[in-house]
Amino acid sequence: MVLQMKSPAPSIKVDTWLRGEPLTNFQPGKVYIVEFWATWCELCVAEMLELMRLQEKYKGGGLEVVGVAADEDAPTAVEARTKLDAWLTEKCWNLNYRIAFDYPGEMKKLWREPSFSVGIPTSFVVDRDGHIAFIGHPSQLDEFLPKVLNGSWRISDKAKAADTERIATSEPMAREQALQPIDDRFWAAVKLEDWKTALWAIEEGIALMPDDINFRLAHAHLLLHKIQDMWTGLPVMREFVRDAIDKNSQDWMVSALDQLFHPANDHSRLPPAERFAMGKELSEHILALNPPQGDSPKFRSYPAVARYYYENGNNDRAIELVELALQSLDGPEPVPDELKKQHLPDLLQALATYRGVKVCYGALCAAPQNNFPKVPKRGRPRRKNNKG
């Protein structure tokens, strides 16, 4: 759930309190500033003087400042705490607000991640009723805090606009930052062919970005073609197909077709009737979205549709679609040379295989290959021994 203005403030979960009395919950009628900082952050240190000033100025109005050190750079919690305590003793002996220490990062999970707060310092202002009134840089507090204290800020249009803008700006950066360790774990697992660990990483990514096509595609691929768990993989594939059609997205539909019919994958464990039913629906939607008589490029999507028709026994239709894809490389919409070089070999190879004879396009030629799925009898795909 997104943490934003008007959300109930999360709980306070810290290792220990280094300065001030422990705070177990937010008391009604008081306003709190929850400030995330670290000793290595120069901007954080500079803002501490401002926070001390605000605490002194508005203490009579019910303000309580809480500093949360959740990003200390040390190999162990003991070392981090010792370093932080020594720093506070030397640099901030006259500190007039609470300081909490949170080495495991529970506060980060409860506060910063749900609010898309990427960096520090970051300030959260909790209103008198225990709801979030402001999230942002502490340098903005001098302007907004008096309005929070008098109760006018959270109901204002300016507050709503500011929070909407904050989320729009911060969300992409926060998600990108959160995805990096997931990507690292995934690719490390792929390198080791540790498919279960790769799957865990992908599922974590989907929880973070449920509509990301790359995560969804990898999810289906791992289950169907690497782990070969049909019991779990088929529902995932059905959902992917349904979402692709609902989105009316050519990229999603082509990706789904590739999982079902690309010759690099072993489809022998997939129920043939359901596989071809999904292929039929996807192919019809792609052709409706990008009809043969239209001028839109065909070289991206038509090869995937052609593979469905070829395996379904309609070789003539497969040839027709690949020929249209080839023609679209020289269509009215200019195609960059690099893109032509990328798609042309595969298109020629498919056409040669479907025709059963050598075909050429300029100086480039291709001969039929036997590793493409053979045209099935009675609409059923043959079983293959390879697991590529």
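Residues numbered from 1 in each chain as written. Predicted model: local features only at pLDDT ≥ 70, side-chain atom pairs only at ≥ 80, totals over all residues. Heavy atoms only, no water.

1. Considering the overall build of the protein
- The secondary structure content of the protein amounts to 13 helices and 8 strands.
- Against the 2.2 N^0.38 benchmark of 21 Å for 388 residues, the protein shows a C-alpha radius of gyration of 29 Å, more extended than a compact globule.
- For the protein, the spread of C-alpha atoms along the principal axes amounts to about 85 × 45 × 40 Å.
- Buried residues in the protein amount to 48% of all 388 residues.
- Partitioning the contacts of the protein with sequence separation of at least 6, the portion at a separation of at least 24 is 64%.
- Total accessible area on the protein is roughly 19800 Å²; 52% of this is exposed by carbon and sulfur atoms.
- Taken together, the 48 basic and 54 acidic charged side chains of the protein have centroids lying 6 Å from each other. (Helix = DSSP H or I, 4+ residues; strand = E, 2+ residues; numbered from the N terminus. Rg over C-alpha atoms; globule rule 2.2 N^0.38 Å. Buried < 20%, exposed > 50% of the residue type's maximum accessible area, 1.4 Å probe, protein only. Contact = heavy atoms within 4.5 Å. Areas by Shrake-Rupley, 256 points an atom, 1.4 Å probe, with all protein chains shown as cover. Lys, Arg positive; Asp, Glu negative; His and termini not counted. Charge placed at Lys NZ, Arg CZ, Asp CG, Glu CD.)

2. So, the environment of alanine 264
- As for its placement among the helices and strands, alanine 264 is situated in the loop between α9 (250-261) and α10 (272-289).
- Separated by 18 residues in the primary sequence, alanine 264 and leucine 282 have C-alpha atoms spaced 19 Å apart.

3. Brief notes about the pattern of salt bridges
- Within the structure shown, the criterion is met by 24 salt bridges.
- Its salt-bridge partner being lysine 30, residue glutamate 64 comes within 3.2 Å of it at the nearest N-O pair. Placement of the pair is glutamate 64 in strand β3 (residues 63-69) and lysine 30 in the loop between β1 (16-19) and β2 (31-37), with a sequence separation of 34 residues.
- Here glutamate 64 falls in the buried class, since its relative accessible area comes to 18%.
- Across the pair glutamate 338 and lysine 341 runs a salt bridge, and its minimum N-O distance is 4.0 Å. With glutamate 338 and lysine 341 both in helix α13 (residues 337-355), this residue pair falls 3 residues apart, about one helical turn.
- One continuous salt-bridge network, built from bridges that share partners, spans Lys30, Glu64 and Arg98. (Salt bridge = Lys/Arg side-chain N within 4 Å of Asp/Glu carboxyl O.)

Any link to function would need more than the numbers given here.
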